[in-house]
Amino acid sequence: MPSFPTDGPPLVTDERLPVLPLRDVVVFPYVVMPLLVGRTASLAAIEAANEEDRLVLLVAQRDAETQEPAAADLYRVGVVARVRQLSRLGQGTVRVLVEGIARARVTRYVPGTDCLRAIVEPLPAPVLSDEDEVLLRRTLSLFEEYVSLHRRLPTELVTIIQSADSPARQAFGIAAHLGTRLDRRQGLLAVDELPALLSALGDVLSSEIDLLKLERKIDDDVRGSLFQNQREFYLQEQLKAIHRELGGEDGDDGDELTAQIEAKGLPEPILVRTRRELRRLRKLAAISPEAGVVRTYLDWIVALPWKERTDDVLDVAHARRVLDEDHYGLDDVKDRVLDYIGVLSLVERLDGPILCLVGPPGVGKTSLGRSIARAMGRKFVRMSLGGVRDEAEIRGHRRTYIGAMPGRVIQAMRRAEVVNPVILLDEIDKLGSDYRGDPSAALLEVLDPEQNKAFNDHYLEVDYDLSQVLFITTANSLGEIPAPLRDRMEIIRLAGYLDQEKFAIARQFLLPRQLARHGIAPSTVTLASDVIPAMVHSYTREAGVRELERRIARLARKLARARAERRAAYAAGPESDAHDHVQVDQLKAILGVPPYDPTMNTLEDKVGVATGLAYTSTGGDVLEIEVSVVPGRGKLQLTGTLGDVMKESASAALSYARARAGALGLEREFLRSRDLHVHIPDGATPKDGPSAGIAIACAIVSALSGIPLRGDVAMTGEITLRGRVLAIGGLKEKAVAALRNRIVHVIVPSENARELDELPAEVKEGLQFHPVRTMDDVLAIALARTVDVRAAEGTPSLVPH
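Residues numbered from 1 in each chain as written. Predicted model: local features only at pLDDT ≥ 70, side-chain atom pairs only at ≥ 80, totals over all residues. Heavy atoms only, no water.

**Notes on the overall build of the protein chain**
Link 1 in the chain: Tallying secondary structure elements over the protein chain gives 26 helices and 28 strands in all.
Link 2 in the chain: Seen through its C-alpha atoms, the protein chain measures out along the principal axes to roughly 155 × 75 × 65 Å.
Link 3 in the chain: Taking all 801 residues of the protein chain together, 48% fall into the buried category.
Link 4 in the chain: Counting every atom, the protein chain has about 38800 Å² of accessible surface; 49% of that belongs to carbon and sulfur.
Link 5 in the chain: Distance between charge centroids for the protein chain: 4 Å, based on 102 positive and 116 negative side chains. (Helix = DSSP H or I, 4+ residues; strand = E, 2+ residues; numbered from the N terminus. Buried < 20%, exposed > 50% of the residue type's maximum accessible area, 1.4 Å probe, protein only. Areas by Shrake-Rupley, 256 points an atom, 1.4 Å probe, with all protein chains shown as cover. Lys, Arg positive; Asp, Glu negative; His and termini not counted. Charge placed at Lys NZ, Arg CZ, Asp CG, Glu CD.)

**Here we look at the side chain of Asn 476**
Link 1 in the chain: Of note, Asn 476 is situated in the loop between strand 14 (470-475) and helix 17 (483-487).
Link 2 in the chain: Of the residues examined, Asn 476 reaches a relative accessible area of 8% and is grouped as buried.
Link 3 in the chain: A distance of 3.0 Å separates the side chain of Asn 476 from the backbone oxygen of Gly 359, its partner in a polar contact. (Polar contact = N/O pair within 3.5 Å; in protein donor to acceptor, adjacent residues only side chain to side chain.)

**Brief notes about the side chain of Asp 312**
Link 1 in the chain: For Asp 312, the location among the structural elements is in the loop between helix 10 (289-303) and helix 11 (316-326).
Link 2 in the chain: Side-chain polar atoms of Asp 312 contact the side chain of Arg 378, separated by 2.8 Å.

**Some words on the packing of aromatic side chains**
Link 1 in the chain: Considering all chains together, one arrives at five aromatic pairs under this definition.
Link 2 in the chain: Centroid distance Phe 28 to Phe 172: 6.3 Å. Interplanar angle 35°. Geometry classified as tilted. Residue Phe 28 is located in the loop between strand 3 (16-22) and strand 4 (32-37), and its partner Phe 172 is located in helix 4 (residues 167-176); the two are separated by 144 residues in the primary sequence.
Link 3 in the chain: Ring pairs connect the aromatic residues Phe 28, Tyr 30 and Phe 172, which therefore count as one cluster. (Phe/Tyr/Trp six-rings, centres within 6.5 Å; stacked < 30°, edge-to-face > 60°.)

**Re the pattern of salt bridges**
Link 1 in the chain: Applying the stated criterion across every chain yields a total of 41 salt bridges.
Link 2 in the chain: With its nearest N and O atoms 2.8 Å apart, the salt bridge here joins Arg 117 to Glu 52. Placement of the pair is Arg 117 in strand 8 (residues 116-122) and Glu 52 in the loop between helix 1 (40-51) and strand 5 (55-60), with a sequence separation of 65 residues.
Link 3 in the chain: Its relative accessible area of 13% is what places Arg 117 among the buried residues.
Link 4 in the chain: Given a relative accessible area of 40%, Glu 52 falls into the partly exposed group.
Link 5 in the chain: One salt bridge connects Arg 169 with Asp 165, and the closest N-O pair in it is separated by 3.3 Å.
Link 6 in the chain: Given a relative accessible area of 29%, Arg 169 falls into the partly exposed group. (Salt bridge = Lys/Arg side-chain N within 4 Å of Asp/Glu carboxyl O.)

**Here's the deal with helix 15 (residues 408-416)**
Link 1 in the chain: Every buried residue of helix 15 is accounted for by Val 409, Ile 410, Ala 412, Met 413 and Ala 416. Projected down its long axis, helix 15 carries its buried residues within an arc of 155°, all on one side.
Link 2 in the chain: With its phi angle positive at about 70°, Glu 417 sits one or two positions after the end of helix 15. (Arc of directions from axis to C-beta.)

**Some words on the sheet that holds strand 14**
Link 1 in the chain: Sheet architecture is open: five strands sit in the order 10-11-14-9-15, paired in parallel fashion. In this open sheet, the two edge strands, each paired with only one partner strand, are strand 10 (380-384) and strand 15 (490-493). Neighbouring strand axes in the sheet, compared pairwise and without regard to direction, differ in orientation by 20° on average.
Link 2 in the chain: As paired strands, strand 9 (residues 354-358) and strand 14 are joined by five bridges and run parallel to one another. (Pairing = 2+ DSSP bridges. Axes fitted to C-alpha atoms, helices over the stretch in contact; angles between N-to-C directions.)

**Focus: the pairing of strand 25 (residues 745-749)**
Link 1 in the chain: Burial analysis of strand 25 places five of its five residues in the buried class, which makes it a mostly covered element.
Link 2 in the chain: Judged from the three bridges that link them, strand 22 (residues 713-715) and strand 25 form a sheet pairing that is parallel. Of the residues in strand 25, the one forming a bridge with Met 715 is Ile 747.
Link 3 in the chain: Once the chain exits strand 25 it traverses helix 25 (residues 761-766) before rejoining the sheet at strand 26 (residues 768-772), and the crossover so formed is right-handed. (Right-handed = clockwise from strand over helix to strand, strands pointing away.)

**Focus: helix 24 (residues 731-740)**
Link 1 in the chain: Where burial is concerned, most of helix 24 is hidden: eight out of the ten residues are buried.
Link 2 in the chain: Residues of helix 24 that are buried: Leu 731, Glu 733, Lys 734, Ala 735, Val 736, Ala 737, Ala 738 and Arg 740.

**Concerning unusual backbone geometry**
Link 1 in the chain: Its identity as a non-glycine residue notwithstanding, Glu 417 has a phi of 70°, on the positive side.
Link 2 in the chain: With respect to the helices and strands, the residue Glu 417 is situated in the loop between helix 15 and strand 11 (422-426).
Link 3 in the chain: According to the relative accessible area criterion, Glu 417 is partly exposed, its value standing at 48%.
Link 4 in the chain: Notably, Arg 742 is not glycine yet its phi reads approximately 65°, a positive angle.
Link 5 in the chain: Structurally, Arg 742 is set in the loop between helix 24 and strand 25.
Link 6 in the chain: Overall, Arg 742 belongs to the partly exposed group, its relative accessible area being 43%.

**Let's talk about the packing of helix 11 against helix 12 (residues 331-344)**
The angle between the axes and the distance between the axes are what describe a pair of packed helices.
Link 1 in the chain: Following both chains from N to C, one finds helix 11 and helix 12 inclined at 155°, their axes separated by 10 Å at the closest point. In terms of their interaxial angle, helix 11 and helix 12 are classed as roughly antiparallel. Of the two possible hands of crossing, helix 11 and helix 12 adopt the one that is right-handed. Residues Val 316, Ala 319, Arg 320, Leu 323 and Asp 324 of helix 11 pack against Lys 334, Asp 335, Val 337, Leu 338, Ile 341 and Gly 342 of helix 12.
Link 2 in the chain: Of the residues in the contact of helix 11 with helix 12, the class split is six nonpolar, one polar and four charged. (Parallel < 35°, antiparallel > 145°, perpendicular 65-115°, else oblique. Left-handed = near helix turned anticlockwise from the far one by under 90°. Contact = heavy atoms within 4.5 Å. Nonpolar A, V, L, I, M, F, W, Y, C, P; charged D, E, K, R; others polar.)

**Considering the packing of helix 18 (residues 499-517) against helix 19 (residues 531-539)**
Link 1 in the chain: Helix 19 packs onto helix 18 with a crossing angle of 120° between their chain directions and a minimal axis gap of 10 Å. By the criterion of interaxial angle, the relationship of helix 18 to helix 19 is oblique. Between helix 18 and helix 19 lies a crossing of right-handed hand. Of the residues in helix 19, those in contact with Asp 499, Lys 502, Phe 503, Ala 506 and Arg 507 of helix 18 are Ile 532, Pro 533, Val 536 and His 537.

**Side note on the nonpolar core**
Link 1 in the chain: Counting 53 residues, the largest nonpolar core has Ile 428, Leu 443, Val 446, Leu 447, Leu 460, Leu 466 and Phe 471 as the members making the most contacts within it.
Link 2 in the chain: For this core, the element with the most residues is helix 10, which contributes seven residues.
Link 3 in the chain: If sequence neighbours within four positions are ignored, Val 446 has contacts with Ile 394, Val 409, Asn 452, Phe 455, Leu 466 and Phe 471.
Link 4 in the chain: By size, the runner-up hydrophobic cluster in this structure holds 52 residues, among which are Leu 470, Ile 552, Leu 555 and Ala 556. (Core = buried A, V, L, I, M, F, W, Y, C linked by side-chain atoms within 4.5 Å.)

**Quick word on the environment of Ile 394**
Link 1 in the chain: Here Ile 394 is to be found in helix 14 (residues 392-395).
Link 2 in the chain: Those residues in contact with Ile 394, other than ones at most four positions away along the chain, are Leu 385, Gly 407, Arg 408, Val 409, Pro 439, Ala 442, Leu 443, Val 446, Phe 455 and Asp 457.

**Brief notes about the pairing of strand 8**
Link 1 in the chain: Of the pairings in the sheet, the one linking strand 3 to strand 8 comprises three bridges and is antiparallel in character. When the bridges of strand 8 are listed, Arg 16 appears paired with Ile 119.
Link 2 in the chain: Where strand 7 (residues 93-111) meets strand 8, seven bridges bridge the pair, whose relative direction is antiparallel. Residue pairing for strand 8: Ala 104 is matched across the bridge by Pro 122.
Link 3 in the chain: Between the end of strand 7 and the start of strand 8, which pair antiparallel, lie four residues.

**What about the confidence of the model for the protein chain?**
Link 1 in the chain: When the pLDDT values of the protein chain are averaged, the result is 83; 91% of them are 70 or greater.
Link 2 in the chain: Low pLDDT, under 50, characterises residues 789-801; the stretch is placed with 29 contacts to residues that sit more than four places away or in other chains. (pLDDT = per-residue confidence, 0-100.)

**Concerning the environment of Val 134**
Link 1 in the chain: Position of Val 134 among the secondary structure elements: in helix 2 (residues 133-149).
Link 2 in the chain: Separated by 61 residues in the primary sequence, Val 134 and Pro 195 have C-alpha atoms spaced 9.8 Å apart.

In structure tokens:
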């Protein structure tokens, strides 16, 4: 039986000791240590030792992850220990207090019936000679310094170690309290000679002391910049200090971002600014809020296009073909785009124009922008401005604000991914303004070809070139666009569609598209020639074709439903989908009762009723102006939700009638005993503008004189107190509305006569225009019987018309 040397009598034990494998722990002789035992084999070893002589062999595992270690997984040098105390904690776990007695070398591991056992041989007890006393003193001195630098070791430990009664106890006590790696501790346990052990301990202590001093230095450097209770921030500062001591770079993910920035090909000023922000990011902690702001900024810089562009398709014939495929008519816009493409084919670079498409809803302004992009081979981005009230929506937020981001223009460029897209600014006339600023003022720089080469977003704070972008804006009315912004755009008016244009659009575009969307082959549906005209006249009243498309969609739904019912009834295949023929008399059953009656718009001559022409955000329109003369005291009453400008026009018309009463055959003091009531029907709709002046004057003269106004005559023009007729706007839209309502004669100011050549040929053929300079010219045309005004004081004579 082996005998182990101790400070007292030699320990004699059984030659086959139970083995307790240890994970990440090395127990030294003369050291008392608690252990938690939970593995089945380990519990069996403890039970075997407890039943025999309470001795067990403690051996460290080579790999702590091994759950059932075999002989090859264990070191060959261990410690014979005595089980001092055993406590069962429940759930199969035992707390064991062991005391190391002596070192032992395993000659062979033997599998036992209950646990792994080992045949061991004792190792000699270390002995220190007088010559090696210096090594012990040096080791004790280094350990004292080690404990003073270590945060988790009490200072009393030095006294306990120094008071040990033998050098071996002192050496093993020091080794047991070193926080070094497992293999180094195992190496210390395997040293046979005490001088060698003390020398090894001195080397380990010197190394650990240097690391503790460096840690203390790092700790002192970092503490000055710590915020209270920010543990993660403290760890990051420690990591940076460690990298500085090693002479390396900060351990962040900036290398990938740096590579992206260098490969982006940024302009030199932008590159300098970006590199400065990148250096700043490297100095910030990853969890710092400022680091997130800087990283987001750099991500935006990298994501924006700076040199990337699409190659323009400079084939004018191809562009015309694409535009004609997508839209019917709209020749003015198409010609302007084709002009731009033609010039671009002759020069290397041309700053994009700023086009403003003005017209009523449903005429194809928005879809035209997408068609222009397709014709030029460019990317298309739509940006809706309706309801935007904050200037920062255009120019971005400054980075001092939480959640700051670039404005919509820069966001649109990021989505486009090229520097030459087509950007559609939709509904520019719907911009608002409040205490947060005026977005229309911010657009002045964006839509100015001389300034947008260096557009400065508040978030980016660097100049960005927008000069290669083709900006297209849309609006329903120019009146809502500020004059400085309107001056920067090239205005192209889109009047409402004529009836013939609506018929063509419905047949060529709307009907095939809606039938295909509803699962019906367009070739299987035939509409009678009068179906589309009936839908246009009886079911829509608009300048565009949006409502017409909705009506056609309803027609397609009814046809699809009828086909589905036929299939269900006859359980047939495709043969049940016979060719559908739609007649005009079926529209009422399919679309319901017509909301409009074209025959209601009579062209009868009426007393006191004039036909005026108005321009609205939905296009041109025809309105009747009614005047009634009643007994009274000269009061003028205006009804019909009229604006201030229209009220002033009515007052001017009345003053003209009073001033010209004698020449017009009226009583000079007709207001002394009469009241005038001017009413414009559709009272719920607000109305304003000066262009109804001559119509109000004609209605007043007709009501006072009893001479009817011609029902086939419509008029537009502003009136002065002297009876002059001034120019108006929206002539094209008004003329289209007159033709739509079967008007024959249109009275326009002579200053607008130059615009008549620009009207569509169908309008010029269907209407007879009468340019006028004064109200005398107007009355000569509008009254069913003309008034011959020979002189201001002469006697008027009524001549049959």
